[in-house]
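So the chains spell out like this:
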Amino acid sequence: MKDLVKKVAVGLSTGALVAQSMILPAFAEITIVVNGNGSNSDPNVNVASTNTTTVNQTNTANVKNDIDAKANTGDNSADDNTGGDINIDTGEAKALVEVSNKLNSNEAQVDCGGCPADVNVEVSGNGTYSQPDVNLALTNTTWVTQDNTANVENDVEVKANSGDNDADDNTGGNTSIDTGKATAWAGVENTLNANVAHVGGSGEGALEILVNGNGSYSDPNVTLALAGTTGLVQNNFADVENDVEVKANSGKNDADDNTGGNNSIDTGDAWAGAQVDTLANFNLAHVEDCCEFDGLVKVAGNGTDSEPDVTLALVNTLYATQDNNFTCGEEKGWEHLFWGDWRSNDCDVEAKANSGKNDLDDNTGDPGSDPSIDTGKASTEVEVNNEANSNVFSTGDAFPDHPEWDMGSESNWFWWFLSGHSN
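Caption draft 1: View of the overall build of the chain. Each helix and strand in the chain was counted, giving 2 helices and 17 strands. About 20,400 Å² of surface is accessible on the chain, with carbon and sulfur atoms providing 45% of the total.

Next up, the structure:
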């Protein structure tokens, strides 16, 4: 009996040290032997082992980008001049903006501890009217929580202007306005909220319970409870507001009320482009089998009128939840009317290119010449991609395949996450 108490005490002490060291299993093996006790004896053994691992990962990011980029070579005036040629020749106007937000990622690889222990219980050779009791409770709990919250506001205004030039009320000579190209570009990339969790561990254990050779009228009892719980919670919330305005202008030029010579306006090309990519809210979880017991329970060879009891409870619980919430372009509730921001939560992209709106009016020139306006091309390109809310969950030995994002390698979620670009 002293040997039994000593062995269990050492096991419990080891469990405490291991827990402090953040290594999960407390016992490698538990052996309980109750035998050779005399008539009318009442030996009792109670062992309880609890291992709990809790992992919490939480990220919150609030980002507001207010960007105003303008390039201007226009807005020139050459008015009320007398004699000689009048010429306005502007250079190229180019404004380019890139905004990249990569926020909030969690990665957890957690050993669930496997089976609590290999368990060997033997109750044998106890005397007449003896009442040996063995109560053993082993509990292993692993809980992983991953939360991400991202609030992103991008207010981007990009303008390029080589137009809005005036050459009016000039006398004598030729009057001309020649503008350079106007190019405006805005690129916005939001990569938000990724959770990756892998919960696993050694999943095999041995169980053997022997109740035999106890005397007449004995009442041996063995109660064994093994409980394993694995909980996994992954939550993502992303509120994105993109307000992108891109304008390119080489037009809106005036050459009016000029006298003498030729009058002409020749504009460069105007090009405005915007690309807005949003990847938001991804959960990937894989849970391996944490414990599988192979066991033997044997009750045999006990005496007359003995009442041996073996109660065995094996419980394995897996709880997993994956939630995503993505908002972009949704109106806020009626209560926001009081603050005047009913439309404040939006995803708006506006691109405008202009090489027109040029005026050649009321000019008096050579009888053999005609006033001319030649405009360059005006073009816009807009691309908006939103990919949001993906959950992948699997159990077993094989790690699950991840979804394929189609925005190129630089925006590939797994490229970003697995290349060490997480927070």
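Next comes the rest of the account.
Caption draft 2: Layout of the packing of aromatic side chains. Within this structure, the stated rule accounts for 3 aromatic pairs. On the basis of an interplanar angle of 15° and a centroid distance of 6.2 Å, the ring pair of Trp-185 and Trp-271 is categorised as stacked. Separated by 86 residues along the polypeptide, Trp-185 in strand β8 (residues 182–200) and Trp-271 in strand β12 (residues 270–287) bring together distant segments of the chain.

Caption draft 3: Spotlight on the sheet that holds strand β17 (residues 378–395). Here 4 strands make up an open sheet; going across it, the order is β4-β8-β12-β17 and the pairing parallel. Two strands bound the open sheet, and with one partner strand each, they are β4 (93–111) and β17. Strand-to-strand, the axes of this sheet are offset by a mean angle of 0°, without reference to chain direction. Here β4 runs beside β8; their pairing, made up of 18 bridges, is parallel.

Caption draft 4: Region of the structure containing the pairing of strand β5 (residues 118–124). As judged from the 7 bridges shared by strand β1 (residues 29–35) and β5, these two strands associate in the parallel manner. For Val-34, the partnering residue across the bridge sits in β5 and is Val-123.

Caption draft 5: Region of interest: the sheet that holds strand β13 (residues 292–300). Read from one edge to the other, the open sheet built from 4 strands follows the order β1-β5-β9-β13, with strand pairing classed as parallel. On the outer flanks of this sheet lie β1 and β13, each paired with one strand and no other. Averaged over neighbouring strand pairs, the angle between their axes works out to 5° when direction is ignored. In this structure, strand β9 (residues 204–212) lies alongside β13, joined through 9 bridges in parallel fashion. In the sheet register, Leu-210 faces β13, and the bridge partner there is Lys-298.

Caption draft 6: Region of interest: the pattern of salt bridges. By the definition in use, this model includes 3 salt bridges. The shortest N-O distance in the salt bridge between Glu-157 and Lys-159 comes to 3.0 Å. Classification of Lys-159 as partly exposed rests on a relative accessible area of 27%. We note a salt bridge from Lys-247 to Glu-245, for which the minimum N-O separation is 2.9 Å.

Caption draft 7: Examining the nonpolar core more closely. Ranked by size, the top nonpolar core spans 20 residues in total, and within it Val-156, Val-158, Val-244 and Val-246 carry the most contacts. Secondary structure elements with two or more residues in this core: β2 (44–72), β4, β6 (133–161), β8, β10 (221–249) and β12. Once residues within four sequence positions are removed from consideration, Val-246 is found in contact with Val-158, Ala-184, Trp-185, Ala-186, Ala-272, Gly-273, Ala-274, Glu-350, Ala-351 and Lys-352. The next biggest cluster of nonpolar side chains, apart from the first, holds 18 residues, and it includes Val-34, Val-45, Val-123 and Ile-209.

Caption draft 8: Seen up close, the environment of Leu-318. You can see Leu-318 is positioned in strand β14 (residues 309–327). Residue Leu-318 is classed as partly exposed on the basis of its relative accessible area, which comes to 43%. The sequence separation of Leu-318 and Gly-231 amounts to 87 residues, and the corresponding C-alpha distance is 6.0 Å. Once you skip the residues sitting within four places of it in the chain, Leu-318 turns out to touch Thr-230, Val-287, Phe-393 and Thr-395.

Caption draft 9: Molecular detail of unusual backbone geometry. For Tyr-217, which is not glycine, the phi dihedral falls at a positive 60°. Of note, Tyr-217 is situated in the loop between β9 and β10. Using a relative accessible area of 41% as the deciding quantity, one classes Tyr-217 as partly exposed. Residues other than glycine seldom take positive phi values, yet Lys-357 does so here, at roughly 60°. One can find Lys-357 in the loop between β15 (347–354) and β16 (372–374). Lys-357 sits in the exposed class, given a relative accessible area of 61%.

Caption draft 10: A negative patch on the surface, seen in detail. Negative charge collects at one region of the surface, where Asp-79, Asp-80, Asp-169, Asp-257, Asp-359, Asp-361 and Asp-362 lie side by side. In this structure, Asp-361 sits in the loop between β15 and β16. The exposure class of Asp-361 is partly exposed, given its relative accessible area of 35%.

Caption draft 11: Inspection of the environment of Gly-187 at higher detail. Position of Gly-187 among the secondary structure elements: in strand β8. Under the relative-accessibility criterion, Gly-187 is labelled buried at 5%. Once the C-alpha coordinates of Gly-187 and Asp-277 are considered, the two residues, 90 residues apart in sequence, prove to be 8.2 Å apart. Contacts of Gly-187, omitting those with residues within four sequence positions, involve Val-97, Glu-98, Val-99 and Gln-275.

Caption draft 12: Broad picture of a nonpolar patch on the surface. Residues Val-297, Val-299, Leu-312 and Leu-314 make up a contiguous nonpolar surface patch of roughly 320 Å² in combined accessible area. Going through the elements one at a time, β13 and β14 are the ones with two or more residues in the nonpolar patch. Following the sequence through the fold, Val-299 ends up in strand β13. On the basis of relative accessible area, Val-299 is assigned to the partly exposed category, the value being 43%.

The rules behind these values
Along each chain, the written sequence defines residue order, and numbers are assigned to residues from 1. Totals for whole chains, interfaces and linings use every residue, but because this is a predicted model, local features are given only for residues with pLDDT of at least 70 and side-chain atom pairs only at 80 or more, for both listing and counting. Note that the side-chain values use all heavy atoms of the structure and ignore hydrogens as well as water. Secondary structure counts use DSSP, requiring at least four H or I residues in a row for a helix and at least two E residues in a row for a strand, with both numbered from the N terminus. Note on areas: Shrake-Rupley, 1.4 Å probe, and residue coverage restricted to the protein chains presented here. Pairing of aromatic rings covers Phe, Tyr and the six-membered ring of Trp, with a centre-to-centre limit of 6.5 Å; geometry is then stacked below 30 degrees between planes, edge-to-face above 60, and tilted otherwise. A strand pair is defined by DSSP finding two or more bridges across the two strands. Lines fitted to the C-alpha atoms define the axes, with helices restricted to the stretch that makes contact. Angles between their N-to-C directions range from 0 to 180 degrees. When a carboxyl oxygen of Asp or Glu lies within 4 Å of a side-chain nitrogen of Lys or Arg, that pair is called a salt bridge. Type-normalised accessible area, obtained with a 1.4 Å probe on protein chains alone, sets the label of each residue: buried when under 20%, exposed when over 50%, and partly exposed for intermediate values. To form a nonpolar core, buried Ala, Val, Leu, Ile, Met, Phe, Trp, Tyr and Cys residues must be joined to one another through side-chain atoms within 4.5 Å. Only heavy atoms matter for contacts: two residues are in contact if any of them lie within 4.5 Å across the pair. By definition, no residue in a patch forms a salt bridge, and every one has over 30% relative accessible area; like charges are joined within 9 Å, nonpolar side chains (Val, Leu, Ile, Met, Phe, Trp, Tyr) within 5 Å. Counting rule applied: Lys, Arg positive; Asp, Glu negative; His and chain ends not counted. For the purpose of locating charges, the reference atoms are NZ of Lys, CZ of Arg, CG of Asp and CD of Glu.

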